[in-house]
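This is what each chain is made of:
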Amino acid sequence: MPAIHPAATFVRDRNYQLIDAGHSYGRDENPGYAIAENVLAELEGAPSALLFSSGMAAAMAVVQSLQPGDQIVAPRVMYWGLRNWLTRFCKQWGLGLDLFDINDPDALARTVSRVKPKLVWIETPCNPTWDVIDIAAASEIAHAAGAWLAVDSTVATPVLTQPISHGADIVMHSATKYLNGHCDLVAGALATAKEDELWERICEVRSHAGAILGSMDAWLLQRGMRTLFLRVHKASESALALAEHFEGHAGLEAVNYPGLPGHPGHQIASRQMKGGFGGMLSIRVKGGAEGALNLAKRCEVFTRATSLGGVESLVEHRYSIEGEGSPIPKDLLRLSIGIECVDDLIADLEQALQ
Ligand SMILES: Cc1ncc(COP(=O)(O)O)c(C=O)c1O
């Protein structure tokens with residue numbers, strides 16, 4: 001098994017030369033990052049990847065690599081924590097932010113040609129409607145305007161989608177989720193298509209701004225990644241089985257899952273995602289917020305908790321988390337499907353819907 005490297009600093013010899021493969025100080029890097037970074041880079045088809053202390057820190061390293069006055073274009077529906085933080089941070093740091101509507105097929109092109117951004121940020125499938133954005137089309141639009149395209153691929157994982165092969169410049173992961181897979185650490189990661197000027201600035205941000213991962217967490221992350229393919233394929237299979245079982249259920253208004261042929265993102269997902277449609281789905285429960293919260297209350301196998309991508313299935317009322325002003329319908333429950341027996345998951349929701 002690989003070693004854990006707790007060193008915060010590294011010895012120099014008597015001639016003052018670094019002796020441990022050039023390692024100098026724990027904020028610049030940790031030898032224990034190499035396994036997870038190299039595996040991720042290889043899975044994403046990237047020359048290089050970097051670990052961060054959280055998914056948010058990874059995303060913010062991209063944003064902090066821009067210059068004051070630069071413009072960012074991002075979807076209105078995306079991980080709410082990042083959308084909210086971007087809205088505040090951009091105002092404070094003199095960056096422009098324009099949000100586009102993913103359900104309007106021309107909105108991204110229109111927004112990009114209007115604001116001439118430096119960065120186009122997308123997330124696909126996006127939280128928590130699991131709408132799918134065409135990465136290749138977004139990359140053409142971004143590149144024609146001279147912008148970089150960054151893709152939050154947390155939910156797809158490199159098992160199902162490799163954004164760089166569709167034209168993305170940067171791929172971001174909340175490694176807290178599927179990459180680790182066990183809900184026992186918070187981490188983030190970036191992978192790059194090119195070791196270009198943007199990547200150099202991102203490397204500098206990681207080393208100077210200090211959002212680094214602890215050595216024990218880096219070790220746990222590489223251990224979690226060993227079962228990434230097994231977990232993601234199992235979660236995707238079970239999510240599809242659940243979506244197919246509950247579609248049209250008398251107690252539900254809707255089931256959102258890109259693997260269902262009726263989902264608006266199904267055609268793009270079928271081209272872009274290989275080997276499954278992911279382990280995330282949402283259900284809209286009859287009876288509004290009360291109906292949804294009652295269903296969550298009665299769950300025995302699904303655990304009521306935020307986050308996603310772990311081996312245990314989670315149920316979450318997003319509106320309660322996001323609060324007043326959230327665009328998420330109050331009757332929506334987000335389900336993160338784990339690796340339990342799918343019959344137990346179906347039976348749990350069936351009894352909770354009684
Ligand atoms: C899609 C997505 N991106 C980014 C993040 C932020 O990652 P972290 O919580 O690791 O900072 C999350 C967290 O929920 C997420 O779901």
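Calculation rules
- Residues numbered from 1 in each chain as written.
- Predicted model: local features only at pLDDT ≥ 70, side-chain atom pairs only at ≥ 80, totals over all residues.
- Heavy atoms only, no water.
- Near = heavy atom within 4 Å.
- Polar contact = N/O pair within 3.5 Å; in protein donor to acceptor, adjacent residues only side chain to side chain.
- Areas by Shrake-Rupley, 256 points an atom, 1.4 Å probe, with all protein chains shown as cover.
- Nonpolar A, V, L, I, M, F, W, Y, C, P; charged D, E, K, R; others polar.
- Helix = DSSP H or I, 4+ residues; strand = E, 2+ residues; numbered from the N terminus.
- Buried < 20%, exposed > 50% of the residue type's maximum accessible area, 1.4 Å probe, protein only.
- Contact = heavy atoms within 4.5 Å.
- Arc of directions from axis to C-beta.
- Pairing = 2+ DSSP bridges.
- Axes fitted to C-alpha atoms, helices over the stretch in contact; angles between N-to-C directions.

Caption draft 1: The arrangement of the site of the ligand in detail. Around the ligand, the structure places 14 residues, and the nearest of them are Met56, Asp152, Ser174, Thr176 and Lys177. The separation between an oxygen atom of the ligand and a polar main-chain atom of glycine 55 is 2.9 Å. A distance of 3.4 Å is found between an oxygen atom of the ligand and a side-chain nitrogen or oxygen belonging to asparagine 127. Against a free-state accessible area of 390 Å², the protein chains account for coverage of 91% of the ligand. Counted by class, the shell around the ligand contains five nonpolar, six polar and three charged residues.

Caption draft 2: Representation of the environment of tyrosine 319 in the model. Structurally, tyrosine 319 can be placed in helix α12 (residues 318–322). For tyrosine 319, a relative accessible area of 13% translates into the label buried. Sequence separation of tyrosine 319 and arginine 12 is 307 residues, and the distance between their C-alpha atoms is 54 Å. With residues up to four places along the chain from it excluded, the contact list for tyrosine 319 reads Glu324, Gly325, Ser326, Ile328, Pro329 and Lys330.

Caption draft 3: Looking closely at the side chain of glutamate 316. Residue placement: glutamate 316 occurs in strand β11 (residues 314–316). The residues contacting glutamate 316, other than those within four sequence positions of it, are Ala305, Thr306, Ser307, Ile321, Leu332, Leu333 and Arg334.

Caption draft 4: Quick peek at helix α11 (residues 288–298). What α11 keeps buried is the set Gly291, Ala292, Leu295 and Ala296. Buried residues in α11, looked at end-on, bunch into an arc of 135°, giving them a common side. Across α11 from its buried face, at more than 90 degrees, point the exposed residues Glu290 and Lys297. Residues of α11 that are buried make contact with β9 (280–285), β10 (303–304), β11, β12 (332–336) and α13 (342–352).

Caption draft 5: Molecular detail of the sheet that holds strand β2 (residues 71–75). Overall, mixed pairing links the seven strands, which are arranged β1-β7-β6-β5-β4-β2-β3 in an open sheet. The sheet terminates laterally at β1 (48–52) and β3 (96–100), the two strands that pair on one side only. Sheet twist, expressed as the average angle between the axes of neighbouring strands with direction ignored, equals 20°. Summarising the sheet, β2 and strand β4 (residues 119–123) pair through two bridges and their orientation is parallel. Bridge assignment links isoleucine 72 to a residue of β4, and that residue is leucine 119. In the packing of helix α3 (residues 80–93) onto the sheet, contacts are made with β2, β3 and β4, and the angle to β3 comes to roughly 145°.

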